[in-house]
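Here is what each chain is made of, one letter per residue.
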Amino acid sequence: MDALLTALADPVRWRLVELLAERPRPVGVLAQLAGARQPQTTKHLQTLERAGVVVSERIGQRRINTLRPAALRELAAELSRLAETAEQAGGPGATHEHYRAGMRTERHAATQAGWADGRSFGFHRRLADRPELVWRHLTEPALLARWWSPDDLHVRELVFEARPGGRILQVYRDAEDTDGRDVMVGRAEGTVDEVHPHERLAYRLSPLLPDGAPAFTAHVALTCRPTGTGTDLDVSWRITDSTVESADFVAGIETGFGQSLDKLAATLTADAHDNVDTDPTTGSTK
């Protein structure tokens, strides 16, 4: 596939492919139609032949070049697969396009300071574990780091002091940036306001602009309620102190924090499954 892509990338070779798609032709005629010298045309045809898209054979006094449609169909199928992957419903490409659309809308609305003040967002998740364990995932940095980021990011540094007045620090990087070579994606700082163990947690958090100034302040409250099978988690966001430059951040709240909560739910479900006691002699659950 690499050889084929390299071969087709040259404009002259692409023109030769177009001509051969019409009908098989000898090198002399191809050179005339492509407006190239015959020795150059011969070399281009040899490259196309090595890539598997052209075959040549001697017929009488002439060598005739013929296009291999199968090679082009294989390329077309691969390109179609890539396009379908990028357009997959609910996939990363579609999510990013949704974010870009929201970003354009928010940028248009962000005409002056305070433009997003009072905006609110609500989230609800039914979690497969008791409030005590959910609380640990909401307040312990090692457990927070497992879920507190959108799908395309990961937590590089995290401080969360679960007490009134406690400090919060988040540093994010791209999920595939494992050694920190890429630029830092984001940083947020905040303060814990309320701590009612296993029931309610409230804090203020501000993502920072490149110059270190707060983009806005998010007032976040999380409430846990026990259910018969686990915990209902309700989260509310309210924005204050919004700057004009905060539009891109605001556009990502609904999708980004929603993905984070989905990761929390998946983490708790996986942990609950792993923690099921089994009888070592029978393999059955106790």
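(A) Structural context of the overall build of the protein chain. Helix and strand content of the protein chain: 10 helices and 10 strands. What you see for the protein chain is a C-alpha radius of gyration of 29 Å, clearly larger than the 19 Å of a compact globule of 286 residues, by over 25%. Expressed as a percentage of the 286 residues in the protein chain, the buried residues total 39%. A separation threshold of at least 6 residues defines the contact pool for the protein chain, and within that pool the share at least 24 residues apart is 50%. When the accessible area of the protein chain is evaluated, it comes to approximately 16,400 Å², of which 51% is carbon and sulfur surface. Across the protein chain, 34 positive and 41 negative side-chain charges occur, with their mean positions spaced 10 Å apart.

(B) Seen up close, the sheet that holds strand 2 (residues 54-59). The strand order 1-3-2 describes an open sheet built from 3 strands, whose pairing is antiparallel. One side of each edge strand has no neighbouring strand; the edge strands of this open sheet are strand 1 (25-26) and strand 2. Both strand 1 and strand 3 (residues 62-67) contribute to a ladder of 2 bridges, which runs antiparallel. The residue of strand 3 that forms the bridge with R25 is N65. Taken strand by strand, helix 2 (residues 11-22) contacts strand 1, strand 2 and strand 3, and its axis lies near 95° from that of strand 3.

(C) Looking closely at the pattern of salt bridges. A full pass over the atoms with the stated rule returns 17 salt bridges. Between D177 and R173 there is a salt bridge, with the nearest N and O atoms lying 3.7 Å from each other. Since its relative accessible area comes to 16%, R173 is described here as buried. The structure contains a network of salt bridges with shared partners spanning R126, R225, D232 and D234.

(D) A look at the pairing of strand 6 (residues 167-174). Burial analysis of strand 6 places 6 of its 8 residues in the buried class, the great majority of the element. Where strand 5 (residues 153-160) folds back onto strand 6 in an antiparallel hairpin, the turn is made up of 6 residues, including G165, whose phi is positive at roughly 85°.

(E) Up close: the environment of S260. By the secondary structure assignment, S260 is in helix 10 (residues 253-274). Taking the C-alpha atoms as reference points, S260 and T111, separated by 149 residues in sequence, lie 29 Å from one another. Reaching out from S260, the side chain makes a polar contact with the backbone oxygen of S149 at a distance of 3.1 Å.

(F) Main features of the nonpolar core. Membership of the largest hydrophobic core comes to 44 residues, with the highest contact counts inside it found for L138, W148, L201, Y203, L233, V235 and W237. A total of 6 residues in this core trace back to one element, the largest contributor, which is helix 10. Beyond its immediate chain neighbours, meaning those up to four positions away, W148 contacts V155, L158, F160, I168, Q170, Y172, Y203, L205, F257 and S260. Formed by 17 residues, the second largest nonpolar core is a distinct cluster that contains L8, L19, V27 and L30.

(G) Examining the packing of aromatic side chains more closely. Summed over all chains, the structure comprises 6 aromatic pairs. Taken together, W147, W148, F160 and Y203 form an aromatic cluster joined through their ring pairs.

(H) Region of the structure containing the sheet that holds strand 7 (residues 186-196). Taken in spatial order, the 7 strands of this open sheet run 4-10-9-8-7-6-5, and their pairing is antiparallel. The open sheet has two edge strands, strand 4 (120-127) and strand 5, and neither has a second partner. The average undirected angle you get between the axes of adjacent strands in this sheet is 20°.

So, how was this worked out
In this convention, every chain numbers its residues from 1, walking through the sequence in written order. pLDDT decides what is reported in this predicted model: residues at 70 or higher carry local features, side-chain atom pairs at 80 or more are listed and counted, and totals for whole chains, interfaces and linings draw on all residues regardless. Computation of side-chain values covers all heavy atoms of the structure but excludes hydrogens and water. A run of DSSP states H or I qualifies as a helix once it reaches four residues; a run of E qualifies as a strand once it reaches two. Both are numbered from the N-terminal end. Here the globule rule is a power law, 2.2 Å times the number of residues to the power 0.38, and the radius of gyration is based on C-alpha atoms. Burial classes follow relative accessibility: with a 1.4 Å probe on protein chains only, a residue under 20% of its type's maximum area counts as buried, one over 50% as exposed, and anything between as partly exposed. Note on definitions: a residue-residue contact is assigned when non-hydrogen atoms from the two residues lie within 4.5 Å. Only the protein chains shown count as cover for residues, and the accessible areas themselves come from Shrake-Rupley with a 1.4 Å probe. Positive charges come from Lys and Arg alone, negative charges from Asp and Glu alone, with His and the N- and C-terminal ends not counted. Think of each charge as sitting on NZ of Lys, CZ of Arg, CG of Asp or CD of Glu. The rule for pairing is simple: two strands pair if DSSP sees at least two bridges between them. To obtain each axis, a line is fitted to C-alpha atoms, and for helices this fit is confined to the stretch in contact; angles are then taken between N-to-C directions over 0 to 180 degrees. What makes a salt bridge here is a side-chain nitrogen of Lys or Arg within 4 Å of a carboxyl oxygen of Asp or Glu, nothing more. N or O atoms within 3.5 Å of each other form a polar contact, as long as, within protein, one can give a hydrogen and the other can take it, and as long as residues adjacent in sequence are counted only when both atoms are side-chain atoms. Throughout, nonpolar core names a set of buried Ala, Val, Leu, Ile, Met, Phe, Trp, Tyr and Cys residues whose side chains join them through atoms within 4.5 Å. Each aromatic pair joins two rings of Phe, Tyr and Trp (for Trp, the six-membered one) with centres within 6.5 Å, and gets the label stacked for planes under 30 degrees apart, edge-to-face for over 60, and tilted for any other angle.

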